[in-house]
Structure formats: C-alpha cells, structure tokens
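Analysis of the macromolecular model
Here is what each chain is made of, one letter per residue.
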Amino acid sequence: MRTRASTVLWQYGPMVYLPTVLFSLGEGAVLPLIPVIAANMGADLATAALVASALVVGQLCGNLPAGWAVARLGERYTMVIAGIIALLGAVACALAPSLPLFTLAVFVIGVSASAFGLARHAFMTTRVPLEFRARALSLLGGSFRLGMFVGPFVSALLLSAFQTEFSTLWFFGACLVVLILLVLFGPDPEEQAALANGPELVEDSGEAVTGSIPSQARRGVFSTMWQSRGVLSRLGLAAAALSAVRSARQVALPIWGVSIGLDASTIALVMGVTGAIDFALFYASGQVMDRFGRLWAALPATILMGSGFIALSFTHDGDMTVLWFGLFAAVLGVGNGLSSGILLTLGADVAPQDAPAAFLGSWRTLTDVGGATAPLLFSAIAAASSIMVATGAMGVIGLLGAAGFLRWIPRFAPRPPGRD
C-alpha cells in the first residue's frame, strides 16, 4: 500500500521528475562536447573553456529574471517557455556559422536551464507538504543527477553511431520536444492527486488549481531580496559555501590525479566511482532531513567534504598517494551524495509564502555564484602557491559552511513535523 508521500510524489512525476530527467539527460550529453565543438570551430584551449563557461554565466544571469517570470506566468508555462528557448538554443548551436554565435547559443541554453530549474523548485516549494518536502526535493536532485550521469554515456553512443559531435545537440533537441509536450499537455499533478486520493493530499492555497503559484505572489524580485537579506546573508552564504565545495570537487580531483601521475582512464574511473556513490545516496539525504531535521544531513555532508579536502591536501608527496586519492575521492562522493537536495530544501523552507519564486531567484543566484567562483578560486590559489594549498582552502570553505549551517539552520529552517 502506498504511503501519502509516495502517492503525491508519484503524481508529480509527469510534471516535474520526468521532465527533469529529460532536460538533464540532453544537457549531460551535450556538456562534455561544448569545448570540443568550440575547438573544431577554431577556438584555442583557453577560448574553448570560455565558451563552455557561457553555460554557467547564463545560469547565473537567468535566475532573477526566472523568478520574475514564475511569479507572473506560473511554473508550468515558465517550464514550457524555458524548454522552447532551450530548443532554439540547441538548434542554434547545431547551425551556428561562427564561434561568437555558438557561444551566444550556449549562453541562451544556460539561461533557459536556470528558468526551468527555478520553475521546478518553485512548484515543489508551494505544492509539497513540509512533512516530506526534503524527500521530494532530494528526488528532484536525484532526477537531475541521473540525467547528468547517463548523459555522457549517451553522448559516447551517439558519437560512435554518427561520427559527429552535433548529433548530441539534435538528441538534446529531441529530449526538449518531448519535455515541452509532456509539461504542456500532461496531466495536472494536483488534479490527479485530488481525484485519486482526495483533496487532503493537496495543500489548500486558497486559489483555483492551475499548476501555478498563488496569484498574490507578485512582490518584486529586488524588494523580496531586500526584505529577505537576513536569511540570504546568513544561511544563504552557508549554502553558497556548500555549492562551492561541490563545484570544486569536479575540478580539484581530476587535477590532483594528473599531479600525482595518473593517466586519464584511471582518473575517469575514480570520478565514475565517486559519481556512482554520489547518485546512490541522493534519496537517503531526503529521508534523513525529513525524519531528523535539515541539520542532520547538511552538517555531516559539509564536514565530510571539508575534512576530505583538507586531509587530501596532506597526501600529495607521501606514501600510497594513489590509495589516498581514491579513498578521499570516495569520501567526497559520500559527502556530496548526502547533500543531495539540501540547497533545494533549505531554499523552499525559508522562502516567503507570498513570494516564493522571487525569493528563490535570489537564493539560486547566491548558490550558483558559490559554485561558479570555486573553480576560479581553486585555480588562482593553485597558480599562486600550490595545488595542496588550493585543495586545503576548499576544505576550509567547506568547514566554514558547516559552521554556518550549525548556527543558522536551527534559527531559520523549520523542524520536521513530530519533532520538538
């Protein structure tokens, strides 16, 4: 017999989880090949990296406008519009006659990814009850991780079959077409839940069921940011620190592997194992947060990642460097897996009920800035001193984030129902 949580979450699959898998699957297939396509169009290595970073820049630039769009158009139509824009961006990437136009199209995909992500986040914030909110959002994070994990393997198959990098862009476009049709014409999850299980499974917003946030959510993005400056400057900075160490892991581990003399296949194997550990733990994070509180997932995750970076920084010139590398890479994978859904859940917990989308635009911008600046900071410190110092610095950021969570989660985040 299904539980109340599983029944409601099942109803949200066609609207939220399956579109998330489709979007991330296509994006995951394209992402590794953006620098390759740029290089084939005449870019040098530095320029190719800059072209790839246009995706992250687009995500940063898209968060605040996406908050405005969701507050006025609703989550469902924002997801459809974002899917259409991403589709146009994918087609433009495939047909771009020059590198600047290709870069612009990558930027557009980043903006649409931001809008699509914020719309899903706002939808779950306003529709899922607090008692199983963390599980719902951890499952959302897991859906994204599944697509990003499988996407590169799909990319390899497409390259083998069609012998061209542009096949991945057309695959991304096909995923987006299915996504748009699914969101636009699929069943409304709230109506399905109400018909199947009774109205008690759906939170009463006081509005007609339309799949969008209540109509009173019209407060401006910047006024919401100012009114929420307390939580953003405290809990938001701790969340940005977690986002930073997550992002740094993707850069630091491959560079560390190269610095100790490992070949590309061994590094890829280590990263694949850590990715599998990460993916395997995504739902456990939601279970912990719903049963024991947000701090019980956030604190172990940030402590593990911070301590893992610091411990790794002392192993570069010692004995058994390869063994230590694999061990601490696994530790970082466990920490990252335990953090699945934390940023989504905390953002939903502290979002004001009258303007969730506007607030989440600010929240996601702050966390995205943390994730975007960490690789740059790591590279700058490594260039100025050494890779050991840079790795240790990422660990310090993680421990500062843990201290921030310890201080501010009890103040700002609600406790799960049934706990004192």
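The structure presented is a predicted model; accordingly, all values stated were derived computationally and were not measured.

What to know about the overall build of the chain
In terms of regular secondary structure, the chain is built from 18 helices and 0 strands. The burial tally for the chain puts 53% of its 420 residues in the buried class. Taking the contacts inside the chain whose residues are at least 6 apart along the sequence as the reference set, 84% of them involve residues at least 24 apart. As displayed, the chain offers around 17300 Å² of accessible surface, 70% of which is attributable to carbon and sulfur atoms.

Some points on helix α17 (residues 356–384)
Compared with the 42 Å implied by 1.5 Å per residue over 29 residues, the 42 Å span of α17 between its first and last C-alpha is a close match. Considering bend angle alone, the principal kink of α17 is centred on T373 and spans about 30 degrees; proline P375 follows within four residues of it.

Regarding the environment of L95
Within the secondary structure, L95 is located in helix α5 (residues 75–95). Classification of L95 as exposed rests on a relative accessible area of 58%. Between the C-alpha atom of L95 and that of F166, which follows or precedes it by 71 residues, the distance is 9.0 Å.

Considering the packing of helix α11 (residues 229–259) against helix α15 (residues 321–338)
Contact geometry of α11 with α15 gives a least axis separation of 11 Å together with a crossing angle of 170 degrees. Here α11 lies roughly antiparallel to α15, going by the angle between them. The handedness of the crossing between α11 and α15 comes out as left-handed. Contacts between α11 and α15 involve R246, R249, L253, W256 and G257 from the former and F325, A329, L332, G333 and N336 from the latter. Its residues assigned to classes, the contact of α11 with α15 shows 5 nonpolar, 3 polar and 2 charged.

A few points about the pattern of salt bridges
Overall, the coordinates contain 6 salt bridges when judged by the stated rule. The residue R249 makes a salt bridge to D278 at a minimum N-O spacing of 3.6 Å. Highlighted residues: R249 in helix α11 and D278 in helix α12 (residues 264–280), separated in sequence by 29 residues. Grouping residues by exposure puts R249 and D278 together as buried.

A closer look at unusual backbone geometry
Within the chain, Q163 stands out as a residue other than glycine whose phi angle is a positive 60 degrees. Note that Q163 resides in the loop between α7 (133–162) and α8 (166–185). What makes Q163 exposed here is its relative accessible area of 65%.

What about α8?
A rise of 1.5 Å per residue sets the reference length of α8, with its 20 residues, at 28 Å; its end C-alpha atoms lie 29 Å apart and thus fit the reference within 8%. Of all the positions in α8, only S167, T168, L169, F172, G173, C175, L176, L179, I180 and V183 are classed as buried.

Overview of the packing of α5 against helix α6 (residues 99–127)
For the pair α5 and α6, interaxial distance at closest approach is 8 Å and the crossing angle is 160 degrees. Between α5 and α6, the interaxial angle falls into the category roughly antiparallel. Like other packed secondary-structure pairs, α5 and α6 cross with a definite hand, here left-handed. Taken together, the residues of the contact of α5 with α6 sort by class into 17 nonpolar, 4 polar and 2 charged.

Details of the packing of aromatic side chains
Note on aromatic pairs: each is described by the distance of the centres and the angle between the planes. A full pass over the atoms with the stated rule returns 6 aromatic pairs. Linked through ring pairs, F23, F116 and F172 together constitute an aromatic cluster. Here the guanidinium or amino end of R407 rests over the ring plane of W408, the centre of that ring lying 4.3 Å away.

Let's talk about the nonpolar core
Within the largest apolar cluster, 99 residues are counted, with the highest numbers of intra-cluster contacts made by F102, M124 and L235. Ranked by residue count, the leading element in this core is α6, at 13 residues.

Considerations on the side chain of S155
Within the secondary structure, S155 sits in helix α7. Separated by 3.3 Å, the side chain of S155 and the backbone oxygen of A29 make a polar contact.

Quick notes on a nonpolar patch on the surface
On the surface, a cluster of nonpolar side chains totalling about 750 Å² of accessible area is made up of L73, Y77, I81, I85, V177, L181, L184 and F185. When residues of the nonpolar patch are traced back to their parent elements, those giving at least two are α5 and α8. With 4 residues, α8 is the largest single contributor of residues to the nonpolar patch. Topologically, I85 is positioned in helix α5.

Focus on the environment of L235
Along the chain, the position of L235 falls in helix α11. Between the C-alpha atom of L235 and that of I409, which follows or precedes it by 174 residues, the distance is 6.9 Å. With residues up to four places along the chain from it excluded, the contact list for L235 reads L346, V350, W363, F405, W408, I409 and F412.

What about the environment of G261?
On the secondary structure map, G261 appears in the loop between α11 and α12. Taking relative accessible area as the criterion, G261 reaches 62% and is therefore assigned exposed. Placed 61 residues apart in sequence, G261 and V322 show a C-alpha to C-alpha distance of 9.0 Å.

Reading the values: rules and limits
Residues numbered from 1 in each chain as written. Predicted model: local features only at pLDDT ≥ 70, side-chain atom pairs only at ≥ 80, totals over all residues. Heavy atoms only, no water. Helix = DSSP H or I, 4+ residues; strand = E, 2+ residues; numbered from the N terminus. Buried < 20%, exposed > 50% of the residue type's maximum accessible area, 1.4 Å probe, protein only. Contact = heavy atoms within 4.5 Å. Areas by Shrake-Rupley, 256 points an atom, 1.4 Å probe, with all protein chains shown as cover. Expected span 1.5 Å × (residues − 1). Bend = angle between axes of the 7 residues up to and from the residue. Axes fitted to C-alpha atoms, helices over the stretch in contact; angles between N-to-C directions. Parallel < 35°, antiparallel > 145°, perpendicular 65-115°, else oblique. Left-handed = near helix turned anticlockwise from the far one by under 90°. Nonpolar A, V, L, I, M, F, W, Y, C, P; charged D, E, K, R; others polar. Salt bridge = Lys/Arg side-chain N within 4 Å of Asp/Glu carboxyl O. Phe/Tyr/Trp six-rings, centres within 6.5 Å; stacked < 30°, edge-to-face > 60°. Lys NZ or Arg CZ within 6 Å of the ring centre and 35° of its normal. Core = buried A, V, L, I, M, F, W, Y, C linked by side-chain atoms within 4.5 Å. Polar contact = N/O pair within 3.5 Å; in protein donor to acceptor, adjacent residues only side chain to side chain. Patch = residues over 30% accessible without salt bridge, like charges linked within 9 Å, V, L, I, M, F, W, Y side chains within 5 Å.

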